[in-house]
Number of protein chains: 4
Amino acid sequence: MGMQLEVNTMVVTKGNEERIGENLFKLEKTGYRIYPLDIEIELRKTKEGETSGMVIPRKVVWENDVTLLTYELVSLNSSN
Amino acid sequence: MGMQLEVNTMVVTKGNEERIGENLFKLEKTGYRIYPLDIEIELRKTKEGETSGMVIPRKVVWENDVTLLTYELVSLNSSN
Amino acid sequence: MGMQLEVNTMVVTKGNEERIGENLFKLEKTGYRIYPLDIEIELRKTKEGETSGMVIPRKVVWENDVTLLTYELVSLNSSN
Amino acid sequence: MGMQLEVNTMVVTKGNEERIGENLFKLEKTGYRIYPLDIEIELRKTKEGETSGMVIPRKVVWENDVTLLTYELVSLNSSN
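Scoring rules and cut-offs
Residues numbered from 1 in each chain as written. Chains lettered and ligands numbered in written order. Predicted model: local features only at pLDDT ≥ 70, side-chain atom pairs only at ≥ 80, totals over all residues. Heavy atoms only, no water. Buried < 20%, exposed > 50% of the residue type's maximum accessible area, 1.4 Å probe, protein only. Helix = DSSP H or I, 4+ residues; strand = E, 2+ residues; numbered from the N terminus. Pairing = 2+ DSSP bridges. Contact = heavy atoms within 4.5 Å. Buried area = accessible area lost by both parts, 1.4 Å probe. Salt bridge = Lys/Arg side-chain N within 4 Å of Asp/Glu carboxyl O. Polar contact = N/O pair within 3.5 Å; in protein donor to acceptor, adjacent residues only side chain to side chain. Nonpolar A, V, L, I, M, F, W, Y, C, P; charged D, E, K, R; others polar.

Chemist: Teacher, can you tell me more about the pairing of strand E1 (residues 2-8) of chain A here?
Modeler: If a strand is regular, its side chains alternate between the two faces of the sheet. The buried fraction of E1 of chain A is high, at five of seven residues. Sheet analysis places E1 of chain A next to strand E1 (residues 2-8) of chain C, joined by seven bridges and oriented antiparallel. Opposite Leu5 of chain A, over in E1 of chain C, you have Leu5 of chain C as the bridge partner. In the sheet, E1 of chain A pairs with strand E5 (residues 33-34) of chain A via two bridges, with the strands oriented parallel.

Next comes the structure, spelled out in structure tokens:
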């Protein structure tokens, strides 16, 4: 009788992000996930990889056991 | 450095729901709220009122400090 | 990079509760679970079974992938 | 009919932490808060201040609208 959730403290793209505006990106993830809305968190390409920048989650959609995240890119690491 | 959330164990419409399909309704609520997706919960018109039926939350959208809930009406109390 | 959580809208004891006060019970559950604190929810012996009463979760402890819930029994169904 | 929660992506001590073991600290915070258990997050003295180290939340207790967090100090910034 429970809803499974995952609390995420960073955005891990695995290269699956899609650009939808100048600094705006969409990313689909399996399951229902909480991203801290309107709070700056780390962006990574892989879970164990280096931080590639900072983002602010702006919108979360939960449906059919999928999370659709929209995030704003705030800064990009120069080394990337 | 935190995201405010409210965990909801029932849907309270206050008469603000909008029918968008045969058994499908949309409801906008202030703030970011967790409704247990795909799990049957109570429907009420007011927080302290009687149960008016049972619903299953099917979709949640969080954006700009608003929650847009889509729920399926499963059963309606005959007395209503 | 995520913490797995389960949002619970009722307390399912499976007979594992332990009485620790007149109306107070302890229940250990696997994984990290959210119970709505200080809000009245259903008590059941099994997930698919009948409601056996109403309880109010009063304390939640998360540690080592286990949830220790303390709840107050508010009412018991007479048929039980 | 909701439980207020705050999702925290870092630990902000405001100097209120209490050492309870070699690398273990206790911190009391108002309200019910989610810290990602068993996941490394930032430690700060103030919300807007610099990162003073990295910690892993190991235990969370929710009761009487208070959160009692136990965290493990993993690394301390040398500049602090």
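Chemist: Explain the sheet that holds E1 of chain C to me, please; I cannot follow it from the model alone.
Modeler: Working definition: the strands of a sheet are paired by backbone hydrogen bonds and lie parallel or antiparallel to each other. In spatial order, the strands read E5(A)-E1(A)-E1(C)-E5(C); together these four strands make up an open sheet with mixed pairing. Bordering the open sheet on either side are E5 of chain A together with strand E5 (33-34) of chain C, each of which pairs with just one other strand.

Chemist: Help me out: how do you make sense of the interface of chain C and chain A in this one?
Modeler: When the parts of a complex come together, some accessible area is lost, and that lost area is often taken as the interface size. Taken together, the contacts link twelve residues of chain C with twelve residues of chain A. A buried area of about 1,200 Å², summed over both sides, lies between chain C and chain A, and 53% of it is on carbon and sulfur atoms. At the boundary of chain C and chain A, one finds zero salt bridges. Scanning the region where chain C abuts chain A turns up five residue pairs in polar contact (both at pLDDT 80 or more). Among the elements that make up the side of chain C that touches chain A, the one with the highest residue count is E1 of chain C (seven residues). Of the residues contributing to the side of chain C that touches chain A, the split by class is five nonpolar, four polar and three charged.

Chemist: Which parts of the structure should I look at to understand the sheet that holds strand E5 (residues 33-34) of chain B?
Modeler: Here we have four strands laid out as an open sheet, ordered E5(B)-E1(B)-E1(D)-E5(D), and mixed in their pairing. Taken across any chain shown, the strands that pair with only one partner, and hence form the sheet edges, are E5 of chain B together with strand E5 (33-34) of chain D.

Chemist: I would appreciate a short explanation of unusual backbone geometry in the present structure.
Modeler: Negative phi is the rule for most residues except glycine; trans is the rule for most peptide bonds. One non-glycine residue with positive phi stands out, namely Asn64 of chain A, at about 50°. With respect to the element layout, Asn64 of chain A can be found in the loop between strand E7 (51-63) and strand E8 (66-76). The exposed category is assigned to Asn64 of chain A, whose relative accessible area is 64%. For Asp38 of chain C, which is not glycine, the phi torsion reads 65° and is therefore positive. Using a relative accessible area of 37% as the deciding quantity, one classes Asp38 of chain C as partly exposed.

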